[in-house]
Structure formats: structure tokens, C-alpha cells
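What the coordinates show
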Amino acid sequence: MDLGVRWKLHGGDGRTPAPGAVVRPDERLSWPRTAGLGAQHVVAMFGASFVAPVLMGLDPNLAIMMSGVATVVFLLATRGRVPSYLGCSLSFVGVAAVIRAQGGSSATVTGAVFVVGAALFLVGLAVRRFGARIIHAAMPPVVTGAVVMLIGFNLAPVTASTYWPQDQWTALLVMLFTGLAVVCLRGFWSRIAIFLGLVFGYGVSWVFDLVFGRIHSVDASGKPTDHWRLDLSGVAEADWIGLPTLHAPSFEWSAILVALPVVIALVAENAGHVKAVGEMTGDPLDDKLGTAIAADGVGSMLSTAVGGPPNTTYSENIGVMAATRVYSTAAYWAAAGFALLFGVCPKFGAVVAAIPGGVLGGITVILYGMIGLLGAQIWLNAGVDLRNPLNLVPTAAGIIIGVGNVSMKITDTFSLSGIALGTLVVITGYHALRAFAPPHLKTQRPLLDEGTSSYDEANS
């Protein structure tokens, strides 16, 4: 059985590729160069992959370690044809905040996300069996864009009430620096702008502590206190080597219903990434779309089963491939190895856990907004016409419900609110209205472009 772990040496010697040359997924450079590329992929995913678990209240060491495990599972499942790294998904940050606001624990969060991973796995199997057309039938671009948008914008109160008030001036400076980094830097550096913003924030917080002393503001628990902006006491006490803390998931229906809508965002995300990689490598990957989605689900299930966060394919690493033109899956195996090593270093986790609240405030202002606006990008790419009342009415209602965290009490012990209720309104509202709408309002472009047509034909 070919598992995609045998690579040809590029150019015969594996040295620097010739100008314009492409290193294909089944090729590799020399092992030292491959290791260097793997380290670069780890740095590229760090920015989001260790911010996400911190925002979700989960162990960043475990998150990094399980991202390596999930990447290995993905590479084996796709037989080395889809070079991609699976890091902690930012799509779940909002649902984690909602679940915790309802009194849920870390086990409750990971239990809800485990179910989402299982649902994603089943979607992948369905796509393998019936083709990508089923995605469009259930989740056309107008629905997908609205759900992604309300997931991102639902996070706004978290920044406004939790992170920004801890140190508003540091938050403002970090926001400005990160924005400049995203816009003004080029190539690889622009891909790690979030990471650079965090480093800048650490530096600013350290300088402010030296110059101004302790700050009087709310801390992470929301209580006004005098505290240091940057507290590294936990770093000195942490061991260099040790396993991260594991815990089992806990399953509660209220939390599961909040998390399930994220499946829509993950399906769209995976489809876009697989399509992008296929175009870059010149290898049509339509036949691997279902496998990639299912493998993503399995990776998330493995991670959340031991207390880690969910995982998804990372656009940051796809950007690194585009910049280097090296698509070797050997580099991703190296990246997974480095991630596993970081995962067993508690001192690294202590550094991550020490991120000042003001720094997170500046980062999340941009990050959460970007997540929400990805929904608008889906609309633009698909040519969704919001002048069409069939598109406008359900999305308008669902987004306001999601962003405003509107709640609907079903029974004395069960209610729907925010992301879950907004998603339900968008999906059911769109399909119900479509059933009664006149024919001229029903014309829509597919979620996936004609690049999937060969896959659909092969599975029809």
C-alpha cells in the first residue's frame, strides 16, 4: 500500500531548486533542507495555532502536539497527494467563548467539538460517495458566507469586554502594529503577521512594566486589580520536558448545538484549500476532496478526545508553499515532528500562557474581524446578489441573531441562542423561502467552481 512516504530526490541531488522549478509532493530536497522547510512551516502556523487554544482556554502545548498528530493522519489518509498542515482551528474560538459563558468547562468545550469532528468525518464520507454537489445543495454560498460571518462577528463582545479592558494602550499599539504587518510586509513575513504582533506585544508590555510599573485594570478573571502586564513567573517554574495535561471530553446537548454550525465553515475552508493546492501543484485533487474533509474530522476527533482543540488545514502554510514553490509532503512530516517536540516542552507552553491580555485585545480586534469578513469574501467569490430577497432576508435575520446573541427559550432547561440559532435561521430560512420563491430568484452559482465537475461526473 502506497502511503505517500517515499520521495524522489529533486534534481538528483536535492539541492536548491533551479529558478522557476517546482518541488512536487512526491519529491524532496536533502534532509537538512527539508528539515529547514519543516521548521518554516511550524513558524508559519504558530501565529494562529497557539493563539487559538489560549482563546479557547485549552492547553497550548497539547494543541501544538496534537496538530502534529493530526497532520500525520491527514498525510497518510491522502496518500501524500495533498501537502497541508493541520493546525488549531480559529473557527471554534467563538463557540468556546459561548460554551464557557454558559458555565461549560474545558471538557464541555472539547466534547462539543469532538461531535463536530465526527460530523465533519461523515460529511467527508458523503462527499466521497456522492460528489461535491451535495455540499452546494445543502450549503450554497449565500448560506456558507452568512454562517462564517456570524461566527466571526459573534466574537466582538469577547474582545470588547475581556481582553481590551485589561490594557487598552497596549491593545491599541498591538492592533496598529499587526495591521501594518499584515498590509505592508511581503512574502513569508506577511504570513506570520499575527505571530509578529504577539512578539511586539510582549516587548511593549515588558517596556511598559519597566517604565510605568503595575497597571490597575481588570485581570483575566474580570476583577480590577494591580497587576503586571507581563508575568513570566510561570516560565521559570515550568519543566523543559514533560507531557501536556490530558482530559476526557464531556458531552452536553446545549454545547453541541452551539458548536455544530462550525461544520459549515470547515467544509468550505477545506474545499477551498484543496482546490488551491491542486491549482498550485498542477495535480487535480478533486478525487481527494472527500478524503481530505474526512481526515480533517478524524484529526479533530483525536485531538479533542484527549483534551486538545480541533484542527483544520492552514492557509498560512499554503502561502509558504506558494512563496517557496516547494510542495514536498516530506517537509510537512518534518513540521509534524517539530510540533511533537514542542508539545512535550512545558516551558514553551508557559511562555504562550503568559501572553498579556492587552496583547490579545489588539490581536483579536483584527483576527475576529478577519474571520467574519471571510464570509463576505465567500459572497464576493460566488457572486452572491444581496439585492435578491431570497438571499437577503434569511442572511440578514441570521447574522443579527448571531452577532447580537439573540436567545430563544424552547423549554425551561433548553434554549437556542447566538451562533446556533443564527445558523438555524439562515439554513432553514433560505431553503424554506426557496421552496416558495419564483424561479427567477433561484439562480445561484455553486459553492465549488467547475474544478469539481470532473469529481462529480466520476461519482455520478
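Here's what I pulled together on the structure shown here. In this text the structure is predicted, and so the values were computed from the model without any measurement. (Residues numbered from 1 in each chain as written. Predicted model: local features only at pLDDT ≥ 70, side-chain atom pairs only at ≥ 80, totals over all residues. Heavy atoms only, no water.)

1. A word on the overall build of the chain
What counts is decided by this rule: Strands are runs of DSSP state E lasting at least 2 residues, helices are runs of H or I lasting at least 4, and numbering of each runs from the N terminus. Contacts are assigned to residue pairs that have any heavy atoms within 4.5 Å of one another. To be clear on the numbers: accessible area is Shrake-Rupley with a 1.4 Å probe, and residue cover counts the displayed protein chains and nothing else.
Across its full length, the chain carries 22 helices and 8 strands. A fraction of 78% describes how many contacts in the chain between residues 6 or more apart in sequence connect residues 24 or more apart. Surface accessibility of the chain: about 19500 Å² in total, with carbon and sulfur atoms responsible for 66%.

2. What about the pattern of salt bridges?
The cut-off we apply is this: A side-chain nitrogen of Lys or Arg and a carboxyl oxygen of Asp or Glu constitute a salt bridge if their distance falls within 4 Å. Relative accessible area decides the class of each residue, using a 1.4 Å probe on protein chains only: under 20% of the type maximum gives buried, over 50% gives exposed, and in between gives partly exposed.
In this structure the tally under the stated criterion is 5 salt bridges. Arg229 serves as the salt-bridge partner of Asp167, at 3.2 Å between the closest nitrogen and oxygen. Taken together, the positions of Asp167 in the loop between helix H8 (156-163) and helix H9 (168-184) and Arg229 in the loop between strand S5 (224-227) and helix H12 (233-237) put the pair 62 residues apart, joining distant regions of the chain. For the pair Asp167 and Arg229, a shared accessibility class is recorded, and that class is buried.

3. Some remarks on the packing of aromatic side chains
As a reminder of what qualifies: The aromatic pairing rule takes the rings of Phe, Tyr and Trp, using the six-membered ring of Trp, and pairs them if the centres are within 6.5 Å, calling planes under 30 degrees apart stacked, those over 60 edge-to-face and the rest tilted. Think of it as a cone above the ring: NZ of Lys or CZ of Arg counts as a charge over the ring if it is within 6 Å of the ring centre and within 35 degrees of the ring normal.
Scanning the model with the defined rule gives 4 aromatic pairs in all. Judged by centre distance (4.2 Å) and plane angle (5°), the ring pair of Phe177 and Phe200 falls under stacked. Of this pair, Phe177 sits in helix H9 while Phe200 is found in helix H11 (residues 193-212), placing the two residues 23 residues apart along the sequence. Its relative accessible area of 30% is what places Phe177 among the partly exposed residues. By relative accessible area, Phe200 is classed as partly exposed at 27%. The ring of Trp240 has Lys347 lying over it, and the distance from NZ or CZ to the ring centre is 5.1 Å.

4. A look at the environment of Val426
Relative to the helices and strands, Val426 is located in helix H21 (residues 418-436). Judged by its relative accessible area of 1%, Val426 is buried. Considered as a pair, Val426 and Ile399 are 27 residues apart in the sequence and their alpha carbons are 8.0 Å apart. Sequence-distant contacts of Val426, defined by excluding residues within four places in its chain, comprise Val143, Ala146, Leu150, Pro394, Thr395 and Gly398.

5. Overview of the packing of helix H7 (residues 141-153) against H21
Short version of the rule: Where helices are involved, their axes are fitted lines through C-alpha atoms of the stretch in contact, as for all axes, and angles between N-to-C directions lie from 0 to 180°. We call two directions roughly parallel when the angle between them is under 35 degrees, roughly antiparallel when it is over 145, roughly perpendicular when it lies between 65 and 115, and oblique otherwise. Left-handed describes a crossing whose near helix is turned anticlockwise from the far helix by less than a right angle; the clockwise case is right-handed.
Two numbers describe how H7 lies on H21: the axes approach to 10 Å, and their chain directions differ by 165°. In terms of axis orientation, H7 runs roughly antiparallel to H21. Note that H7 runs across H21; the crossing there is right-handed. Side by side, H7 and H21 meet where Val142, Val143, Ala146, Val147, Leu150 and Ile151 of the first sit next to Ile419, Gly422, Thr423, Val426, Ile427 and Tyr430 of the second.

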